[in-house]
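# Commentary on secondary and tertiary structure
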Amino acid sequence: MDSTKRDIKSMTLEELAAFLRELGQPAFRAKQVYAWLHSRLVTSFDQMTDLPKSLRAVLEERCLLPVVQVEKKLCSQLDETVKYLFRLPDGECVEAVLMEYRHGTSLCISTQVGCRMGCAFCASTLGGLVRSLAPSELLEEVYAAQRDSGKRVDSLVLMGIGEPLDNYDNVVRFLRLLSSPEGLNLSLRHVSLSTCGLVDQIDRLAQEKMGLTLSISLHATDDATRSEIMPVNRRWPMEELLAACKRYFAVTGRRVSFEYALIAGVNDSPQQARQLARLLDGFGCHVNLIPVNKVKERPINRRSSREAIAAFAATLQKLGVNATVRRELGADINAACGQLRREHREEGAWDHA
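Below, the structure is looked at part by part. Being a predicted model, the structure only gives us computed values, none of them experimental. (Residues numbered from 1 in each chain as written. Predicted model: local features only at pLDDT ≥ 70, side-chain atom pairs only at ≥ 80, totals over all residues. Heavy atoms only, no water.)

### What to know about the nonpolar core
Counting 102 residues, the largest nonpolar core has Phe258 and Val287 as the members making the most contacts within it. Residues contacting Val287, with those up to four places away along its chain left out, are Phe258, Tyr260, Leu276, Leu280, Leu316, Val321, Asn322, Ala323 and Thr324. (Core = buried A, V, L, I, M, F, W, Y, C linked by side-chain atoms within 4.5 Å. Buried < 20%, exposed > 50% of the residue type's maximum accessible area, 1.4 Å probe, protein only. Contact = heavy atoms within 4.5 Å.)

If you want it as structure tokens, here you go:
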């Protein structure tokens, strides 16, 4: 992005009002411009037709209006899932997945281009972290999906490419903009943020008291196994992570959920199911069991059998843990995060170092 220009879509309403006052504009202009950006979802200043042409020209000169483009779109023949590859203003690409549920339309978005967490089973971290997304780019994933689909996003999951808490400030600003009454006005109670377990940032997020659901990518029941597949555990072992989850609940009153990707021969035995139940005793949490996706570059990616998955879920439920196996949407379009971006890059469709 041009550093000499201000990113107008990342401004709060108060910041936008202050900026427009500097330009000598009347107070009511801020809500006008904000509505064009966050309610009408315009992609150019020229579309703000109730603003004077002179103001539109100044905004064009002084401000950035980031827009993401649909680079590629895959529509499932099995369900209504749509997978997007979005091209960012600098040419980098990220993924988002639009899913239909009984309760409405849900969107899973990316928070970074690449990821530096290094989880051993994940496609998103291949190639490491390129950069984090700006608040405006995070919003644009939502807005672009709405513009393309014609549907309002009812719930949001931050579980695509990247670690949301590794892009903390931008993600928090994005969430405040997303929930702004003058904008899309999406309740943060309908937002789930997935993290591999950055304990210091979990504590920081708790103090924001935003009302969102915290979802922990756990994927193991002991430190040795988790450290092997998730390097973050070497910095914050499970005891510290689970303590942070309890603090998050104590401060926010919001139940924490846990994700557990089942990998054959690594973490899917009945003994590990019993150990997981012991670890989570007293949490009153939900466990989302995820059949791991095959990533050819990753050695730790052998999917558990259906029988092993069912037995693992049944063991948890018998021991009083609320556990479900994630419904696999868009299986025919590789809807798991990181795969479409990787394939697109391998095809040579774009080349960024």
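Past the structure itself, the notes keep going.
### A look at the packing of aromatic side chains
Within this structure, the stated rule accounts for three aromatic pairs. Aromatic pair Phe258 and Phe283: ring centres 5.5 Å apart, planes at 85 degrees, arrangement edge-to-face. Here Phe258, found in strand S12 (residues 257-262), pairs with Phe283, found in the loop between helix H10 (270-279) and strand S13 (286-291); they are 25 residues apart in sequence, far enough to count as distant. Like Phe283, Phe258 is buried. Stacked on the ring of Trp36, the Lys or Arg Arg40 has its end atom at 4.1 Å from the ring centre. (Phe/Tyr/Trp six-rings, centres within 6.5 Å; stacked < 30°, edge-to-face > 60°. Helix = DSSP H or I, 4+ residues; strand = E, 2+ residues; numbered from the N terminus. Lys NZ or Arg CZ within 6 Å of the ring centre and 35° of its normal.)

### So, the pairing of strand S10 (residues 191-195)
Remember that side chains alternate between the two faces of the sheet whenever the strand is regular. With respect to burial, S10 is a largely interior element, five of its five residues being buried. Side chains of S10 alternate between two faces, with Val191, Leu193 and Thr195 and Ser192 and Ser194 buried alike. For the segment spanning strand S9 (residues 155-158), helix H5 (residues 168-178) and S10, crossover handedness is right-handed. In terms of strand pairing, S10 meets strand S11 (residues 213-217) through four bridges, oriented parallel. By the bridge assignment, Leu193 is partnered in S11 with Leu214. The parallel pair S10 and S11 is bridged by helix H6 (residues 199-208), and the resulting crossover is right-handed. (Right-handed = clockwise from strand over helix to strand, strands pointing away. Pairing = 2+ DSSP bridges.)

### Considerations on the sheet that holds S9
Here we have 10 strands laid out as an open sheet, ordered S3-S4-S5-S6-S9-S10-S11-S12-S13-S14, and mixed in their pairing. If you trace the sheet from one side to the other, it starts and ends with strand S3 (69-75) and strand S14 (322-325), each paired once. Pairs of neighbouring strands in the sheet enclose a mean axial angle of 20 degrees, with direction left out of account. The pairing of S11 with S12 spans three bridges and is classified as parallel. Residue pairing for S12: Ser215 is matched across the bridge by Ser257. (Axes fitted to C-alpha atoms, helices over the stretch in contact; angles between N-to-C directions.)

### Structural notes on H10
Here H10 has its buried residues at Gln272, Ala273, Leu276 and Ala277. For H10, the buried positions fall inside an angular range of 145 degrees around the axis, keeping them on one side. What points out from H10, more than 90 degrees from its buried face, is the exposed set Gln271 and Arg278. Buried residues along H10 sit against S12, S13 and helix H11 (306-318). (Arc of directions from axis to C-beta.)

### Quick word on the pattern of salt bridges
Side chains that differ in charge, positive against negative, can pair when their charged atoms come close. Enumeration over the complete set of coordinates arrives at 14 salt bridges. Between Glu80 and Lys151 there is a salt bridge; the shortest N-O distance is 3.7 Å. Taken as a pair, Glu80 in the loop between S3 and strand S4 (82-87) and Lys151 in the loop between helix H4 (135-149) and S9 lie far apart in primary sequence, 71 residues in all. Among the residues examined, Glu80 registers a relative accessible area of 55% and is labelled exposed. Residue Asp169 is joined to Arg204 by a salt bridge in which the shortest nitrogen-to-oxygen separation is 2.6 Å. (Salt bridge = Lys/Arg side-chain N within 4 Å of Asp/Glu carboxyl O.)

### Observations concerning the environment of Lys31
Relative to the assigned elements, Lys31 resides in helix H2 (residues 29-38). On the basis of relative accessibility, which here comes to 55%, the residue Lys31 falls in the exposed class. Between the C-alpha atoms of Lys31 and Ala17, which are 14 residues apart in sequence, the distance is 8.0 Å.

### Observations regarding unusual backbone geometry
In this structure, Leu41 takes a positive phi of about 60 degrees despite not being glycine. Mapped onto the elements of the fold, Leu41 is located in the loop between H2 and helix H3 (53-62). Of the residues examined, Leu41 reaches a relative accessible area of 10% and is grouped as buried. One non-glycine residue, His219, lies in the positive phi region at around 65 degrees.

### Let's talk about the packing of H4 against H5
Two elements in contact, H4 and H5, have axes separated by 8 Å at closest approach and are oriented at 50 degrees. In terms of orientation, H4 lies oblique with respect to H5. Once H4 is placed against H5, the crossing between them reads as right-handed. Packed against H4, whose contacting residues are Pro135, Leu138, Leu139 and Val142, the element H5 presents Asn170, Val171, Arg173, Phe174, Leu177 and Leu178 at the interface. Here the residues of the contact of H4 with H5 are counted per class, giving eight nonpolar, one polar and one charged. (Parallel < 35°, antiparallel > 145°, perpendicular 65-115°, else oblique. Left-handed = near helix turned anticlockwise from the far one by under 90°. Nonpolar A, V, L, I, M, F, W, Y, C, P; charged D, E, K, R; others polar.)

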